[in-house]
Amino acid sequence: MRRSFAVALERYGYRVTAAADGLTGLEAFRDDDGFDLLTLDVMLPGLDGIGLCRRVRETSLVPVLMMSARGDGLDVVAGLEAGADDYVVKPVDTYVLVARIRSLLRRASYAPAPGSEPTAGQEDVLVFGDLTVDTGGMEVSVSGSPVALTPTELKLLLEFAAHPGIVLERHTLLRNVWEYGWDGDSRVVDLAVQRLRKKLGRERIETVRGFGYKLRR
C-alpha cells in the first residue's frame, strides 16, 4: 500500500519520501526540514502514527493527514487529538487521498482573498479581549504572547474571527475550512476546536449546543 500510494502521488507531481515504520519516518522528517505535508498510517510498527504525530507536533506545525483502518473507532479521535489536521479511512481511493492532500496544502498556504483584505482605513488587527488576530501578518497572540497554530487551526480561527459572536454550524466549518463538499465527520471540527481552546483559553470559543460554535467578542 505504501509503495502504491507513493507511485500514485508521484504521478500527480508530488515528491514523495516513504518510510516503513514510525521511527524511520521520524528520522527522515528530522533530517529534512523541507516536507510540506505528512501522511501517517495509524498502524505503523515501532512508533505508531499517533505517537509519531505527537513527536512531530513537538517541533513542527506541518500539516498532517492521518490514515486509519477504522472510521468510527478511537484511532480517529486519538489521531486528531494528537494534532492531525484531517484523516481518511482505508481503503481509500487515490482521488480522495489527493483531494484531501490538496486541501491541506491550500490551507498551509492560505491568505485572505483579495476581496476580504482590509481597505484603507480598516484595521487588519482584530482584538477580542486578550486575543489578538493579525489577519494580514497571519499572527495570533494571547495577552501579548505569540501563539503557534497549525494551518488548519489558523484558518479555523480566521473563520471565527470573520464572524465574531455569530454561531457557525459544524457543516459550515467543514465546508469553509476543511473544504468538504458534503457533510463530513464533525469530529474533525470538534477536536480542532478543543486544540484551539487549549491554546487560546477555553472561554474564548463558546459551544452552542445543538448548533455549533461561536467566538466571543
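Residues numbered from 1 in each chain as written. Predicted model: local features only at pLDDT ≥ 70, side-chain atom pairs only at ≥ 80, totals over all residues. Heavy atoms only, no water.

Draft legend 1. Representation of the pairing of strand E9 (residues 205-208) within the structure. Bridge count for E9 against strand E10 (residues 212-215) is 4 bridges, and the pairing is antiparallel. If you follow Ile205 over to E10, its bridge partner there is Leu215. (Pairing = 2+ DSSP bridges. Helix = DSSP H or I, 4+ residues; strand = E, 2+ residues; numbered from the N terminus.)

Draft legend 2. View of the nonpolar core. Counting 49 residues, the largest nonpolar core has Leu131, Leu156, Phe160 and Trp178 as its most contacted members. Element by element, the count of residues in this core is highest for helix H8 (residues 187-200), at 7 residues. Discounting chain neighbours no more than four positions away, the residues touching Phe160 are Leu168, Leu173, Val193, Ile205, Tyr213, Lys214 and Leu215. Counting 11 residues, the second-largest nonpolar core is a separate cluster that includes Leu9, Met67, Val88 and Val98. (Core = buried A, V, L, I, M, F, W, Y, C linked by side-chain atoms within 4.5 Å. Buried < 20%, exposed > 50% of the residue type's maximum accessible area, 1.4 Å probe, protein only. Contact = heavy atoms within 4.5 Å.)

Draft legend 3. Quick peek at the sheet that holds strand E3 (residues 86-89). Taken in spatial order, the 3 strands make up an open sheet running E1-E2-E3, and their pairing is parallel. Unpaired on one side and paired on the other, strand E1 (38-41) and E3 mark the two borders of the sheet. Each strand axis lies, on average, 25° off the axis of its neighbour in the sheet, ignoring direction. The pairing of strand E2 (residues 64-68) with E3 spans 4 bridges and is parallel. For Met67, the partnering residue across the bridge sits in E3 and is Val88. (Axes fitted to C-alpha atoms, helices over the stretch in contact; angles between N-to-C directions.)

Draft legend 4. Local environment of the packing of aromatic side chains. Tallied over the full model, the rule gives 1 aromatic pair. An angle of 25° between the planes, with centres 6.2 Å apart, marks the rings of Phe29 and Phe35 as stacked. A relative accessible area of 12% means that Phe29 is categorised as buried. The exposure class assigned to Phe35 is partly exposed, which follows from its relative accessible area of 21%. The ring centre of Tyr180 lies 4.1 Å from the NZ or CZ of Arg100, which sits over that ring. (Phe/Tyr/Trp six-rings, centres within 6.5 Å; stacked < 30°, edge-to-face > 60°. Lys NZ or Arg CZ within 6 Å of the ring centre and 35° of its normal.)

Draft legend 5. Local environment of the sheet that holds E9. Strand order in the open sheet formed by 3 strands is E8-E10-E9, and the pairing between neighbours is antiparallel. Each edge of the open sheet is held by one strand with a lone partner, namely strand E8 (168-169) and E9. Here H8 sits on the sheet and contacts E9 and E10; the angle it forms with E9, its principal contact strand, is near 145°.

Draft legend 6. Quick look at helix H4 (residues 74-81). For H4, the complete set of buried residues consists of Asp75, Val76, Ala78, Gly79 and Leu80. Next to the buried residues of H4 lie helix H3 (49-57), E2, E3 and H8. Downstream of H4 by one or two residues, Gly83 has phi in the positive range, about 120°.

Draft legend 7. Molecular detail of the side chain of Ser103. Structurally, the position occupied by Ser103 is in helix H5 (residues 94-108). Classification of Ser103 as buried rests on a relative accessible area of 1%. The contacts of Ser103, once residues within four sequence positions are left out, are Trp178 and Glu179.

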